[in-house]
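Spelled out from the first residue to the last, the chains are:
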Amino acid sequence: MPEMLSLSNDPILFLSLMLAKILAVFIVVILIVAYATYAERKIIGRMQTRLGPTMTGPLGLLQPIADGLKLFFKEDIIPAQSSKLAFLLAPMMILVPAFITVAVIPFGGDVVIKGFAVPLQITDLNIGILYILAMAGLGVYGIVLAGWASNSKYSLLGGIRSAAQVISYELAAGLAIIAVFMLSGTLSLRGIVAAQSGSVLDWYIFSQPLAFCLFVITSLAEINRTPFDLPEAETELVSGFCTEYSSMKYALFFMAEYANMIVVSAITATLFLGGPAGPFAGPINLLLKVFFFMFLFIWIRATFPRVRYDQLMFMGWKVFLPLALLNIVITGAVVVFL
Amino acid sequence: MAKKETMTINMGPQHPSTHGVLQLVLELDGETVVNAVPHIGFLHRGVEKLAENRSYHRALPLTDRLDYLAPMSNNLGYVLTVEKLLGITDQIPERAKVVRVMMAELTRIKSHLVWLATHALDIGAMTVFLYCFREREQIMDMYEKLSGARMTSNYFRVGGLSLDLPEGFVDDVTSFIDDMPGHLDTYEGLLTGNKIWQKRTVGVAPISAEDAIDIGLTGPALRGSGVDWDLRRDNPYSGYEDYDFEVITRDGCDTFDRYKNRLDEMRESCKIIRQAVDKLQPGPILADVPDVCLPPKKDVVNSIEGLIHQFKIITEGFKPEPGEVYQGVEAPKGELGYYMISDGSANPFRMKIRPPSFVNLQALPKMVEGKLLADVIAAIGTLDIVLGEIDR
Amino acid sequence: MIKELIQGLSITAKHLLPGNSTTVEYPKQRLETSERFRGLHHLVLEHDREKCVACYLCPTVCPAKCITIEAGEDKNGKKYPTVYQIDMLRCIFCGYCVEACPLEAIEMTGEYELANYKREDFCFTKERLLK
């Protein structure tokens, strides 16, 4: 067993590899974000008997780039009555947590380079899950801030909705995960993946189906996707918290939405589907699982209506929270007595 | 205790789901609606006044632009009123009557499809929107084939129809009504059983039967409150008494029942269209009233009498006896009524339109007070308003 | 409850299969307009000149008052329109002019792409209508 590469045994190699990993992950995430918009438009288009983008490049493949360029060159409008600093800060505050969450997600086993074992993970925090929850909680500040700073009533309503929504759903999501690390005995994502590394049946989706369902549904609510897209409910609040945003700042919100989708898919895959385990190379397995969840989210968006604010709160507090607690009790009983 | 403040929010006239240029001034306490005041008039074109300066023939295209989702129903109401004013209601040929019923029912389906599409979209189910528009497109194609225009059909004429059915039109209609129940099942598959849809519609935007009658609600909105009233059956026109159909009534008084009502109405419309297709016999399409109806084109081109006749009607128009009439039709959105006064000249002295959407909109404040913001959207959708008709 | 949700998902999934698209890729593909389509007007030619005899029925019946005619006589004493102009910005394409014409001298074509840049370009003169 080769020694684990660390800052103390070969600092230069460690730093350069770290940089390489960060860059690779960043580029992959950005690429997926760009083409997730394309995929969403294509898939929903097909489901709605349309074609989706076709004109820009072959099969419309250059559409995300065209969209990006368009947004980049559009006039950047800051409403006169807005709180300028907060208005500028909000889109960054929502995008950054989305991106840095990816740091703790393992995308493969160890590889041996120059006699050292290098984990395919940017960093393995021993409190990985707490870190994820913390970042998810941070993301909502961006939305609330955007809603407040715009000084527009629709934006404000969107921001308030978002705050209420995230508080009620984060709780259920967090409690759903607790059952997972009751089984794994660790908060480190690497440890959780290792605990599922046996056969397919060791994946926590089979031992924790309830937690899995709860986590997927509450994640949907956390990343504001249909049927829980209340903060930006187009037909009610025009565009919710991002009503007043335009140009690149709007693009940041847009990217954050998709980045969040990727993060949530990756977390779900890591926690419940064995992470990078599977028939192919580690990163490819993980990507396939991520794509599966993203397809599911898109599919749900094409099919379901939107729930109402009070119903959302009802579900969060009176259905999902008790279910998550029940799941913890059952898991605890099983862990202790069996 | 802190002072409780409400927030006033202007919903519309530029808002994705106020179905046009409706402005709603909402007073919100959090997300709860304290008070809702609809403001209308952004689409006012003065149709009633314009009609006073046009001959009866030339006022017809104006009616296309009232409820632009159901132009043929508007046309039908108008021509029936003028015919009543002229006293030639009995002389309308059978074929014209049957085609009118057929087209009016197709129009009902067309209008209800847009209603379902936008209603579902407002509540967040966006796929239904495109499915409905796919079917609506087929009706638009039929419109185009029949009258030459996809929306502003301008097809009926005082005394009958402007043109006979084109070749293959009946086959199009038959194949459409054969497929339509299947499509309706698809929409229902996406919505009716869906728990989220039910949560968003059951018990939402309630209006009791009493209130509905007091306000003057008509159409599916009234029948969703359990009032069994349909002009096609209770005050038949254009030969509706000869058709066998059910008036769909539910007494849930809520958005869900109005939704189910309209879907079932589309199924009933398919039945009526099928009966109309069976009834269709060759024959004249214009009444034999030379003072009112234009002569056939071939007479105009070939004979001097026809030519003079054409000139006389177009330049002078026709002059009904002084008097006044009211005729209501069951348009897709409710009772569409025309009240017309003639002073013996070639132009209407006064044309008053009773648009169903205008009257139905009055129910909105009652439906949404004390409810949530999201219910306002559902209420606007369930009332099925069209601003072209409200503002006239 | 779950059954209905899955039913909904299966409906959208079914439409994802190829062959369900109803999109017409305008402007690469165009829809055929029907024979009766009420598009741009066209003045019918007869013996290399317009069939119209400037009888003024179409401007009389036009609800939008968009047709301007000035009548004149040629050297054989036959009436013809020296000016025949349709303002497409006012026209509502109701088809009354075609219905009224006693000579079938005006008809409507399937031409529907009438957007333009300048106000003057919407003024269709006799020469343009005869094309």
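Remember, predicted model here, so these are calculated numbers, not experimental data. (Residues numbered from 1 in each chain as written. Chains lettered and ligands numbered in written order. Predicted model: local features only at pLDDT ≥ 70, side-chain atom pairs only at ≥ 80, totals over all residues. Heavy atoms only, no water.)

*Asks:* Could you clarify how one ought to interpret the overall build of chain B in this entry?
*Replies:* Scanning chain B from terminus to terminus reveals 17 helices and eight strands. The C-alpha radius of gyration of chain B comes to 22 Å, within 12% of the 21 Å expected for a compact globule of 392 residues. When the backbone C-alpha atoms are referred to their principal axes, chain B occupies close to 90 × 45 × 35 Å. By residue count, 64% of the 392 residues in chain B fall in the buried class. At a minimum sequence separation of 6, the contacts of chain B that also span at least 24 residues come to 69%. Of the accessible surface of chain B, which amounts to about 13600 Å², a share of 53% is contributed by carbon and sulfur atoms. Here chain B contributes 43 positively and 57 negatively charged side chains, and the mean placements of these two sets differ by 3 Å. (Helix = DSSP H or I, 4+ residues; strand = E, 2+ residues; numbered from the N terminus. Rg over C-alpha atoms; globule rule 2.2 N^0.38 Å. Buried < 20%, exposed > 50% of the residue type's maximum accessible area, 1.4 Å probe, protein only. Contact = heavy atoms within 4.5 Å. Areas by Shrake-Rupley, 256 points an atom, 1.4 Å probe, with all protein chains shown as cover. Lys, Arg positive; Asp, Glu negative; His and termini not counted. Charge placed at Lys NZ, Arg CZ, Asp CG, Glu CD.)

*Asks:* Just to check I follow, could you spell out the sheet that holds strand β7 (residues 123-124) of chain C for this structure?
*Replies:* All names here are of chain C. Ordered in space as β4-β5-β7, the three strands form an open sheet in which the pairing is antiparallel. The open sheet is flanked by β4 (67-73) and β7, the only strands paired with a single partner. Here strand β5 (residues 79-87) pairs with β7 via two bridges, running antiparallel. Within β7, the position partnered with D87 by the bridge is C123. (Pairing = 2+ DSSP bridges.)

*Asks:* It is not clear to me how the interface of chain B and chain C should be interpreted in this structure. Could you clarify?
*Replies:* One frequently used descriptor of interface size is the decrease in accessible area upon assembly of the parts. Taken residue by residue, the interface counts 39 residues in chain B and 31 residues in chain C. It is R58, K297 and I314 of chain B in chain B that bury the most area against chain C; as a group they hold 19% of the surface buried on that side. Across the contact surface, chain B and chain C share one salt bridge. Between E99 of chain C and R157 of chain B there is a salt bridge, with its nearest N and O atoms 2.6 Å apart. Among the elements of the structure, α2 (56-64), α5 (126-147), α6 (169-191), α12 (297-302) and α13 (304-316) of chain B are those that each provide at least two residues to the side of chain B that touches chain C. Counting residues per element, the side of chain B that touches chain C draws most heavily on α5 of chain B, which supplies seven residues. Here the side of chain B that touches chain C is composed, by residue class, of 15 nonpolar, 14 polar and 10 charged. (Buried area = accessible area lost by both parts, 1.4 Å probe. Salt bridge = Lys/Arg side-chain N within 4 Å of Asp/Glu carboxyl O. Nonpolar A, V, L, I, M, F, W, Y, C, P; charged D, E, K, R; others polar.)

*Asks:* Any chance you could explain the confidence of the model for chain C here in plain terms?
*Replies:* It should be kept in mind that the predicted coordinates are not to be read in detail where pLDDT is low. Mean pLDDT over chain C works out to 85, with 100% of the residues at or above the 70 mark. As a predicted assembly, this complex carries a pTM of 0.87 together with an ipTM value of 0.83. (pLDDT = per-residue confidence, 0-100.)

*Asks:* Quick question: what am I supposed to make of the side chain of T118 of chain B here?
*Replies:* Among the structural elements, T118 of chain B can be located in helix α4 (residues 94-123). Beyond its immediate stretch of four places on either side in the chain, T118 of chain B contacts H19 and F129 of chain B.

*Asks:* It is not clear to me how the interface of chain A and chain B should be interpreted in this structure. Could you clarify?
*Replies:* Between chain A and chain B, the residue contacts involve 26 residues of the former and 34 residues of the latter. On the surface where chain A and chain B come into contact, there are two salt bridges. We note a salt bridge from R308 of chain A to D375 of chain B, for which the minimum N-O separation is 2.8 Å. Taken together, the links from chain A to chain B amount to 10 residue pairs in polar contact (both at pLDDT 80 or more). Among the secondary structure elements, those contributing two or more residues to the side of chain A that touches chain B are α1 (11-47), α5 (153-184), α9 (234-237), α11 (282-303) and α12 (309-337) of chain A. (Polar contact = N/O pair within 3.5 Å; in protein donor to acceptor, adjacent residues only side chain to side chain.)

*Asks:* Even after reading the chapter, I still don't get the packing of α5 of chain A against helix α8 (residues 209-222) of chain A, so can you show me in this structure?
*Replies:* Two measures define how a pair of helices packs: the angle their axes make with one another and the distance between the axes. All names here are of chain A. The N-to-C vectors of α5 and α8 enclose an angle of 155 degrees; their axes lie 9 Å apart at closest approach. As summarised for this structure, α5 and α8 are arranged roughly antiparallel, according to the angle between their axes. Every pair of crossing elements has a handedness; the one defined by α5 and α8 is left-handed. Across the interface between the two elements, Q165, V166, Y169, E170, A172, A173, A176 and I177 from α5 touch A211, L214, F215, T218, A221 and E222 from α8. In the contact of α5 with α8, the residues fall into 10 nonpolar, two polar and two charged. (Axes fitted to C-alpha atoms, helices over the stretch in contact; angles between N-to-C directions. Parallel < 35°, antiparallel > 145°, perpendicular 65-115°, else oblique. Left-handed = near helix turned anticlockwise from the far one by under 90°.)

*Asks:* For this particular structure, what's the right way to read the environment of N126 of chain A?
*Replies:* If you trace the backbone, N126 of chain A turns up in the loop between β3 (116-119) and α4 (128-149). Sequence-distant contacts of N126 of chain A, that is, excluding residues within four places in its chain, are made with L187 and S188 of chain A.

*Asks:* Honestly, the pattern of salt bridges in this entry has me stumped. Any pointers?
*Replies:* Pairing is possible between side chains that carry opposite charge, provided their charged atoms lie close to one another. Residue and element names in this part refer to chain A. Scanning the entire structure with this criterion turns up 42 salt bridges over all chains. R301 serves as the salt-bridge partner of E40, at 2.7 Å between the closest nitrogen and oxygen. Of the two residues, E40 sits in helix α1 while R301 sits in helix α11, which places them 261 residues apart along the sequence. For E40, a relative accessible area of 2% corresponds to the buried category. Given the relative accessible area of 26%, R301 is considered partly exposed.

*Asks:* Got a minute to help me understand a nonpolar patch on the surface in this structure?
*Replies:* Residue and element names in this part refer to chain A. A cluster of nonpolar side chains, L183, L326, I330, V334, V335, V336, F337 and L338, forms an exposed patch at the surface whose accessible area comes to about 820 Å². Looking at the nonpolar patch, the element that brings in the most residues is α12, giving six residues. Following the sequence through the fold, L183 ends up in helix α5. (Patch = residues over 30% accessible without salt bridge, like charges linked within 9 Å, V, L, I, M, F, W, Y side chains within 5 Å.)

*Asks:* Explain α4 of chain A to me, please; I cannot follow it from the model alone.
*Replies:* Residues spaced three or four apart along an α-helix face the same direction, because each turn holds 3.6 residues. Between its terminal C-alpha atoms α4 of chain A stretches 32 Å, which fits the 32 Å expected from 22 residues at 1.5 Å a residue. Two residues or fewer past α4 of chain A, N151 of chain A is found with a positive phi of approximately 60 degrees. (Expected span 1.5 Å × (residues − 1).)

*Asks:* Help me understand the sheet that holds β3 of chain A, please; the structure alone is not making it clear to me.
*Replies:* Strand pairing in a sheet relies on backbone hydrogen bonds, with the paired strands running either antiparallel or parallel. Residues and elements named next belong to chain A. Taken in spatial order, the three strands make up an open sheet running β1-β3-β2, and their pairing is mixed. In the strand order of this sheet, the two ends are held by β1 (3-4) and β2 (110-113), each with one partner. As paired elements, β2 and β3 share four bridges and run antiparallel to each other. Bridge pairing in β3 places V111 opposite V118.

*Asks:* In this structure, what is going on with the nonpolar core? I would like to understand it.
*Replies:* Considering soluble globular proteins, one finds that nonpolar side chains tend to be buried as a cluster. Among the nonpolar cores identified, the biggest contains 129 residues, and L26 and Y78 of chain B are the most heavily contacted of them. The dominant element in this core, judged by the number of residues it contributes, is α4 of chain B, at 15 residues. With residues near it in sequence (within four places) discarded, Y78 of chain B still touches Y56, A59, L60, T63, Y338, M340 and M351 of chain B. Counting 98 residues, the second largest nonpolar core, distinct from the first, contains V102, I122, A221 and M261 of chain A. (Core = buried A, V, L, I, M, F, W, Y, C linked by side-chain atoms within 4.5 Å.)

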